[in-house]
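Residue-level listing of the chains:
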Amino acid sequence: MSADSQRACRINIEDFEGPLDLLLFLIRRDELDVTTIYVAEVADQYLEYIREAEELNLDIAGEYLVMAATLTRMKSRMLLPVERALMEETEDPMETLMRHLVLYKAFKEVASDLRENESIWRDVFTPPGERERYKEDIIETDPGQASLLDLLLALENMTEKNVPPPRHRVRKPLLSLTDCVNVLDKLLPANVSRDFADALGKNARQAVVVSFFVAVLELVKRGWLTAEQRYPFADITIKRKEERWEVNA
Amino acid sequence: MLDQLARQIEALLVATDSPVTLNRICELTGCGTESAEQAVLRIEAELSSGGHAMVVARLAGGYRIVTDPDLGFVVGQLFEGKRHSKLTRASLETLAVIAYRQPATRAQVEAVRGVNSDSAMRTLLERDLIKIAGRQESPGRPLLYGTTARFLEYFGLDNLEHLPRMDEMENLLKLSADDIERMASELSGEESDQIL
């Protein structure tokens, strides 16, 4: 076991907030500057560390493995000759990673500033004010704390208020069944099959389609029309069966 | 000795449930903004010269009178076992990203942190430190999160401008805006908002 891997063993993956945190740790431990890290060096250490963790059967989050793959790709890219034009066109993934590390590092530092604020202001207490006496008015409820009664009371409070009932506009049916049957009567000469959708035209509104569909069902029931559908959702073919339709019957 | 106006304001700052804004103080006492500010200064001076255990805190855009943090070790005993635990590092990092980048989507937070932040976000929502601040008009319309007034109080901040290293972080975020967007859109393909 190399000295490096021995060191790696002693750090626990659960102490890190993710692959970026681990990378920052490795960089800082070796006193490398984030902006001048040597890919190969850091990648080796990172991979070594992940390997150790795997050997110890530690549960490694997917993000760590993704980073391992990224670092391996970067390393191999450095070893392979790459055409100049290609190099200039695509952005160096190393640069992207370094920028990401700088960004994450800044947030990590800010988070520790916030930690300081937290520990000061945790020790600050406020007079209870009128909180206790007027408690009922401002019940603060933790998730899962409201009972059925609370909900019913809230509902009652709402209904007590003078809320005008919502207005509904009821549309008169545009087509009666008789209308539909009359139209179908004209559309269907004897012994001619027609596609139901075709008969109505492509732009028929939904309400129209439904009205006609009901009419077709009614006609089929009376035995004046046959309707065929080869499989679910297929086109429906309709065909006149009875010569004369007694519409008003 | 405090004058009548300062006494009135002092009473308001003690009795209130949440920080009282200057406007509200003026409304309730009928004085002008400037005299209210002056009166607050007189209260502060009186509290400190008298060696009192209370201080005036400027929090979330208002004022309230609180106990001196130096006495936390004594007062804290009254509430032992009832106090919230400190936030975890994951929660603090998540909160930091949301605070500076707000409104931010979960994918943006995870892009910056490079790690799933689901449970941290949930804790922050439950503790009322962040809130849903709308939806982003982009594919999937992900939820946007921002910080609450409670957040400012929790960290003893008057407003968001007082966040630590605000200028530095703003610059950095401006420079990394494209990176964050790119990483976030890679992430948001994989997951959806499950919090609600």
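If you're wondering where the values come from, they're calculated on a predicted model, not measured in any experiment.

## Side note on the overall build of chain B
Then, in step 1: Within chain B, the secondary structure is distributed over nine helices and five strands.
Then, in step 2: Each helix and strand of chain B, placed in order from N terminus to C terminus, yields the pattern α-α-α-β-β-α-α-β-α-α-β-β-α-α.
Then, in step 3: When burial is assessed residue by residue, chain B has 44% of its 196 residues classed as buried.
Then, in step 4: Partitioning the intrachain contacts of chain B with sequence separation of at least 6 by distance along the chain shows that 56% fall at a separation of at least 24.
Then, in step 5: Total accessible area on chain B is roughly 10200 Å²; 51% of this is exposed by carbon and sulfur atoms.

## Points about helix H6 (residues 106–113) of chain B
Then, in step 1: Burial analysis of H6 of chain B places eight of its eight residues in the buried class, the great majority of the element.
Then, in step 2: What H6 of chain B keeps buried is the set Arg106, Ala107, Gln108, Val109, Glu110, Ala111, Val112 and Arg113 of chain B.

## Details of the sheet that holds strand E3 (residues 104–105) of chain B
Residues and elements named next belong to chain B.
Then, in step 1: Pairing in this open sheet of three strands is antiparallel, and the strands run E3-E5-E4 from one edge to the other. Of all strands in the sheet, those with a lone pairing partner are E3 and strand E4 (130–135), marking the two edges.
Then, in step 2: For E4 and strand E5 (residues 143–147), the ladder comprises four bridges, and the chain directions are antiparallel. Across the sheet, residue lysine 131 finds its bridge partner in E5, namely glycine 146.
Then, in step 3: Those strands touched by helix H5 (residues 89–101) are E3, E4 and E5, and its axis lies near 95 degrees from that of E5.

## Looking at the interface of chain B and chain A
Then, in step 1: Between chain B and chain A, the residue contacts involve 53 residues of the former and 39 residues of the latter.
Then, in step 2: Summing both sides of the interface, chain B and chain A together bury roughly 4000 Å²; the carbon and sulfur share of this comes to 61%.
Then, in step 3: Where chain B meets chain A, there are five salt bridges.
Then, in step 4: In this structure, arginine 89 of chain B and aspartate 21 of chain A form a salt bridge, with 2.6 Å as the shortest nitrogen-oxygen distance.
Then, in step 5: If you tally residues by element for the side of chain B that touches chain A, the top one is helix H9 (residues 166–188) of chain B, at eight residues.

## A short note on the nonpolar core
Then, in step 1: Counting 34 residues, the largest nonpolar core has Phe107 of chain A together with Leu87, Leu95, Tyr100, Phe151, Phe155 and Leu163 of chain B as its most contacted members.
Then, in step 2: At the level of secondary structure, the elements contributing two or more residues to this core comprise helix H6 (93–121) of chain A together with H5, H6, helix H7 (118–126), E5, helix H8 (149–154) and H9 of chain B.
Then, in step 3: The element best represented in this core is H5 of chain B, accounting for seven residues.
Then, in step 4: Beyond its immediate sequence surroundings of up to four residues, phenylalanine 107 of chain A is in contact with Ala96, Val97, Tyr100, Val112, Met169 and Leu173 of chain B.
Then, in step 5: Counting 27 residues, the second-largest nonpolar core is a separate cluster that includes Leu24, Tyr46, Ile60 and Met98 of chain A.

## Description of the confidence of the model for chain B
Then, in step 1: Chain-level statistics for chain B give a pLDDT mean of 87 and a share of 95% at 70 or above.
Then, in step 2: Ranking the elements of chain B by mean pLDDT puts H9 of chain B last with 83 and H5 of chain B first with 94.

## With respect to the pattern of salt bridges
Then, in step 1: Tallied over the full model, the rule gives 24 salt bridges over all chains.
Then, in step 2: With its nearest N and O atoms 3.1 Å apart, the salt bridge here joins arginine 113 of chain B to glutamate 17 of chain A. Residue arginine 113 of chain B is found in helix H6, and its partner glutamate 17 of chain A is found in the loop between helix H1 (3–9) and helix H2 (19–29); the two belong to separate chains.
Then, in step 3: Relative accessible area serves as the criterion here: at 2%, arginine 113 of chain B is assigned to the buried category.

## A word on the side chain of arginine 240 of chain A
Residues and elements named next belong to chain A.
Then, in step 1: Among the structural elements, arginine 240 can be located in strand E3 (residues 236–240).
Then, in step 2: Under the relative-accessibility criterion, arginine 240 is labelled buried at 8%.
Then, in step 3: Reaching out from arginine 240, the side chain makes a polar contact with the side chain of aspartate 185 at a distance of 2.4 Å.
Then, in step 4: Residue contacts for arginine 240: discarding those within four places in its chain leaves Asp185, Leu188, Pro189, Ala190, Asn191, Val192, Trp224, Leu225 and Trp245.

How each quantity is defined
- Residues numbered from 1 in each chain as written.
- Chains lettered and ligands numbered in written order.
- Predicted model: local features only at pLDDT ≥ 70, side-chain atom pairs only at ≥ 80, totals over all residues.
- Heavy atoms only, no water.
- Helix = DSSP H or I, 4+ residues; strand = E, 2+ residues; numbered from the N terminus.
- Buried < 20%, exposed > 50% of the residue type's maximum accessible area, 1.4 Å probe, protein only.
- Contact = heavy atoms within 4.5 Å.
- Areas by Shrake-Rupley, 256 points an atom, 1.4 Å probe, with all protein chains shown as cover.
- Pairing = 2+ DSSP bridges.
- Axes fitted to C-alpha atoms, helices over the stretch in contact; angles between N-to-C directions.
- Buried area = accessible area lost by both parts, 1.4 Å probe.
- Salt bridge = Lys/Arg side-chain N within 4 Å of Asp/Glu carboxyl O.
- Core = buried A, V, L, I, M, F, W, Y, C linked by side-chain atoms within 4.5 Å.
- pLDDT = per-residue confidence, 0-100.
- Polar contact = N/O pair within 3.5 Å; in protein donor to acceptor, adjacent residues only side chain to side chain.

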